[in-house]
Amino acid sequence: MLNDNIKSYLHLHLIVFIWGFTAILGELISLDALPLVWFRMIMAVGFIVIYFLFKKQSLFISKKLLLLFLFLGLVIALHWLTFFKAIKVSNVSVTLACLSTGAFFTSFLEPIFYKRRIVWYEVLFGLVVVFGLYIIFNFEGDYYLGIVLALTSAFLSALFSVLNGKLAQKYDPTVISFYELSGGVLCFSIYLLFTNSFSAEFFTLQPSDWMYLIILSSICTAYAFIASVKVMKFLSPYTVMLTINLEPVYGIILALLIFKEKEQMSSGFYLGAVIIVVTVILNGIVKYYLKRRAIAKKVNLG
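Residues numbered from 1 in each chain as written. Predicted model: local features only at pLDDT ≥ 70, side-chain atom pairs only at ≥ 80, totals over all residues. Heavy atoms only, no water.

### Description of the pattern of salt bridges
All chains considered together, the criterion is met by 1 salt bridge. Its salt-bridge partner being Asp32, residue Lys85 comes within 3.2 Å of it at the nearest N-O pair. With Lys85 in helix H3 (residues 63–89) and Asp32 in the loop between helix H1 (4–28) and helix H2 (33–55), this pair connects stretches of sequence that are 53 residues apart. (Salt bridge = Lys/Arg side-chain N within 4 Å of Asp/Glu carboxyl O. Helix = DSSP H or I, 4+ residues; strand = E, 2+ residues; numbered from the N terminus.)

Structure follows, in structure tokens:
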């Protein structure tokens, strides 16, 4: 029998693979980014509600916590909006390569929100990532808008992770997911109402779009959103972070297999992408060993 750690590790790889497949679905769905994200979130909320009814679980939270969850829902909704828009104006490979910079945005956001000093090696790795992005810009300049949108998406993802990190340790992941996704639906619905975007055409989707949206909202959102929080109870942040960094690798390989020539990029792009991904992984390794050394030092002094 597999123990909880091994099962959680295998489960995490499945989740990361699913996240990589999310970008593929974004390319396959014919909708523009805003309606795509709106349908994704509202359908995911529906699946979570069905889960709550089945489990007979309480949804009660305080008003203060409700407002915080709704705000975080807007942040994650904007992350998805810029993510899918980047795919629409460029392609899956460019978007995922740039999205992997999220770990470095986190390195600079954490000192602000957790009141710690910026670490020298994080700045160094950040400069290497910028160099990788510079190579991509040089070789794939036609995709500059997609690159900017993907970097914005990476920043919003990092902001969400930093703000949501402590909450995930205190509250039920299903409750968090329900209110955050509901917050995204609420904010986007208000915008769509004020811009008179809700129309018969808005709700007229191709049969294939409905099929892909069901997969996107149920497996890639409701399930993956909740499961990713649960595995953190058994795995170290180091293991989780390193595994999540494989998302662009899985996604780019899937894109090449499914879309073939459309996703074939220049050698310069792959060089830049490899520099970014390897640097992000090295950042995790350095963090892990420095943390272990600090713990060992405290034990020896004690």
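### Quick word on helix H7 (residues 144–170)
If you check H7, its first and last C-alpha atoms are 40 Å apart, about what 27 residues at 1.5 Å a residue would give, namely 39 Å. Along H7, the largest kink reaches about 40° and is centred on Asn164. (Expected span 1.5 Å × (residues − 1). Bend = angle between axes of the 7 residues up to and from the residue.)

### Re the environment of Phe108
Along the chain, the position of Phe108 falls in helix H5 (residues 102–114). When the C-alpha atoms of Phe108 and Gly126 are compared, they prove to be 9.4 Å apart, with 18 residues separating the residues in sequence. Apart from the residues lying within four places of it in its own chain, the contact partners of Phe108 are Ile118, Glu122 and Val123. (Contact = heavy atoms within 4.5 Å.)

### A few points about the environment of Ile147
Tracing the chain through its elements places Ile147 in helix H7. Relative accessible area serves as the criterion here: at 0%, Ile147 is assigned to the buried category. Sequence-distant contacts of Ile147, defined by excluding residues within four places in its chain, comprise Val94, Cys98, Ile136, Phe137 and Glu140. (Buried < 20%, exposed > 50% of the residue type's maximum accessible area, 1.4 Å probe, protein only.)

### Quick word on the confidence of the model for the protein
Residues at a pLDDT of 70 or more form 93% of the protein, whose mean pLDDT is 84. When the elements of the protein are averaged for pLDDT, helix H10 (residues 237–244) gives the smallest value, 64, and H3 the largest, 93. (pLDDT = per-residue confidence, 0-100.)

### Focus on the packing of aromatic side chains
Per the stated rule, a full pass over the model turns up 19 aromatic pairs. Judged by centre distance (6.0 Å) and plane angle (80°), the rings of Phe52 and Phe178 are edge-to-face. In this pair, Phe52 is assigned in helix H2 and Phe178 in helix H8 (residues 173–194), connecting sequence segments 126 residues apart. Relative accessible area serves as the criterion here: at 13%, Phe178 is assigned to the buried category. Ring centres of Phe83 and Phe84 lie 5.1 Å apart, and the angle between their planes is 65°; this geometry places the pair in the edge-to-face category. We classify Phe83 as buried; its relative accessible area is 4%. One aromatic cluster is present, formed by Trp38, Phe39, Phe198, Phe202, Phe203 and Trp210 through successive ring pairs. (Phe/Tyr/Trp six-rings, centres within 6.5 Å; stacked < 30°, edge-to-face > 60°.)

### Topic: unusual backbone geometry
Here the phi dihedral of Asn196 falls at roughly 55°; this positive angle occurs in a residue that is not glycine. Topologically, Asn196 is positioned in the loop between H8 and helix H9 (207–231).

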